[in-house]
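Here's the letter readout for the chains.
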Amino acid sequence: MKDIKQRLLAHDWQQAATQLNDRGYTLLKGVLGKAECDALINDYQADDTYRKTIVMERYRFGKGEYKYFQYPLPELVTTIRETVYPFIAPVANKWMEVLHIAQRYPDTHAALKAYCHANGQTKPTILILKYGQDGFNTLHQDLYGDIYFPMQLVVFLNEPEEDYTGGEFVLTEQIPRAQSKANVLRPQRGDMLIFTTNFRPVKGSKGYYRVNMKHGVSPVHNGNRHTLGIIFHDALS
């Protein structure tokens, strides 16, 4: 896992923090190679890796399927989670400060995980999502309990226009007393998108205010689309 950690450390995290503050998301290019992406897709069929399978139509979440990993997580996933977290925790704490929210997050992911577990949130929230033709994901937020980290990430495992068409990543902002804004993104295979879980601060004329955000996936026209979702907090169930 040395290579993936070195790749992550090589990114411009100051720029990433600026983009998270300015727009609520940042894109890191080429975090995973094709072989790593293919391995994650192939492992989707493993019987002993996942704790739960969700068929999205059953819950009116969209059309598609996803599986939650069980602990212990694959080493690749743990390395990503633990390497990225310390770079974005200071951003999260600044958000809490300017919005006058008492919550503060620890410096390491291990400490955040322990905090979740001490409060009954012990189930891993890492998941692989799979969409086929006409698959989509409705706009939502991934909270899973009272304790949640305000940012999460997704790694794109297929190449758009080669493996699938459509299936854009959609991130919406609900500005108070205004119409919603939609950001429509189309990352390439191996890219990592870090984005807001539920809200971010925006500076106005009278100080900072909260902009609520949701994310989803537009309909896939054809082909298959897989992503790795990494959420930093654990779940109640």
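Structural data are supplied above this passage.
The notes below deal with the structure included here. (Residues numbered from 1 in each chain as written. Predicted model: local features only at pLDDT ≥ 70, side-chain atom pairs only at ≥ 80, totals over all residues. Heavy atoms only, no water.)

It is worth spelling out the overall build of the chain at this point. Secondary structure assignment for the chain yields 5 helices and 15 strands. In terms of C-alpha radius of gyration, the chain reaches 17 Å, essentially the compact-globule figure of 18 Å for 237 residues. Reported as C-alpha extents along the three principal axes, the dimensions of the chain are approximately 50 × 40 × 35 Å. Looking at the chain residue by residue over its 237 residues, the buried ones come to 50%. For the chain, the share of sequence-separated contacts (at least 6 apart) that also reach a separation of at least 24 residues comes to 78%. On the chain, roughly 11,300 Å² of surface is accessible, and the fraction owed to carbon and sulfur atoms is 48%. (Helix = DSSP H or I, 4+ residues; strand = E, 2+ residues; numbered from the N terminus. Rg over C-alpha atoms; globule rule 2.2 N^0.38 Å. Buried < 20%, exposed > 50% of the residue type's maximum accessible area, 1.4 Å probe, protein only. Contact = heavy atoms within 4.5 Å. Areas by Shrake-Rupley, 256 points an atom, 1.4 Å probe, with all protein chains shown as cover.)

A word on the nonpolar core. Counting residues in hydrophobic clusters, the biggest one holds 45 residues, and the most contacted among them are L32, I80, V84, F149, M192, I194 and L228. Secondary structure elements with two or more residues in this core: α1 (2-9), α2 (13-23), α3 (34-42), α4 (75-98), β7 (151-156), β11 (192-196) and β15 (225-231). In this structure I194 touches W13, L20, G24, Y25, T26, L28, V84, I88, M151, Q152 and L153, once residues within four positions along its chain are discounted. (Core = buried A, V, L, I, M, F, W, Y, C linked by side-chain atoms within 4.5 Å.)

Attention now moves to the side chain of N183. Of note, N183 is situated in strand β10 (residues 181-185). For N183, the side chain forms a polar contact with the side chain of E173, separated by 3.1 Å. Setting aside chain neighbours within four positions, we find N183 in contact with Y25, F169, V170, L171 and E173. (Polar contact = N/O pair within 3.5 Å; in protein donor to acceptor, adjacent residues only side chain to side chain.)

Before going further, it helps to spend a moment on unusual backbone geometry. Following Y71, the chain continues to P72 via a peptide bond in cis, the omega torsion being 0°. Residue position: P72 is located in the loop between β4 (65-69) and α4. Positive phi is not limited to glycine here, since Y144 has a value of about 70°. Note on placement: Y144 falls in the loop between β6 (136-140) and β7. The residue R177 is not glycine, and still its phi comes out positive at about 60°.

Below, the discussion takes up α2. Since there are 3.6 residues in each turn of an α-helix, residues three or four apart along the chain are aligned in direction. Within α2 the residues assigned to the buried category are W13, A16, A17 and L20. Down the axis of α2, the buried set is contained in an arc of 100°. They therefore lie on one face. Along α2, exposed side chains directed more than 90 degrees from the buried face belong to Q14 and D22. The residue sitting at the N-terminus of α2 and contributing the capping side-chain oxygen is D12; that oxygen lies 3.2 Å from the backbone nitrogen of Q14. (Arc of directions from axis to C-beta.)

Within the element layout of this structure, T49 appears in the loop between α3 and β2 (50-55). There is a polar contact of 3.5 Å between the side chain of T49 and the side chain of D48. Beyond its immediate chain neighbours, meaning those up to four positions away, T49 contacts F69 and Q70.

Another aspect to go through is the packing of α2 against α4. α4 packs onto α2 with a crossing angle of 35° between their chain directions and a minimal axis gap of 10 Å. Every pair of crossing elements has a handedness; the one defined by α2 and α4 is right-handed. Here W13, A17, L20 and N21 of α2 lie close against α4, whose contacting residues are V84, F87, I88, V91 and W95. A class-by-class count of the residues in the contact of α2 with α4 yields 8 nonpolar, 1 polar and no charged. (Axes fitted to C-alpha atoms, helices over the stretch in contact; angles between N-to-C directions. Left-handed = near helix turned anticlockwise from the far one by under 90°. Nonpolar A, V, L, I, M, F, W, Y, C, P; charged D, E, K, R; others polar.)

Let's shift gears to the sheet that holds β2. With antiparallel pairing, 7 strands are arranged side by side in an open sheet as β1-β11-β7-β15-β5-β4-β2. The open sheet has two free edges, formed respectively by β1 (25-28) and β2, since each of these has just one partner strand. Neighbour-to-neighbour, the strand axes of the sheet open up by a mean angle of 20°, direction not taken into account. Here α4 sits on the sheet in contact with β7, β11 and β15, set at roughly 140° to β7. (Pairing = 2+ DSSP bridges.)

Across all of its chains, the model carries 9 salt bridges by this definition. A salt bridge links K34 to D38; its shortest N-O distance comes to 2.7 Å. Of the two residues, K34 and D38 are both situated in helix α3; the distance of 4 residues between them amounts to about one turn of the helix. Of the charged contacts, one joins R200 and E173 as a salt bridge, the two residues approaching to 2.9 Å between their closest N and O atoms. Placement of R200 in strand β12 (residues 199-204) and of E173 in strand β9 (residues 169-174) is noted, with a sequence separation of 27 residues between them. By the burial criterion, R200 is buried, and E173 matches it. Each of E173, K181 and R200 takes part in one network of salt bridges that share partners. (Salt bridge = Lys/Arg side-chain N within 4 Å of Asp/Glu carboxyl O.)

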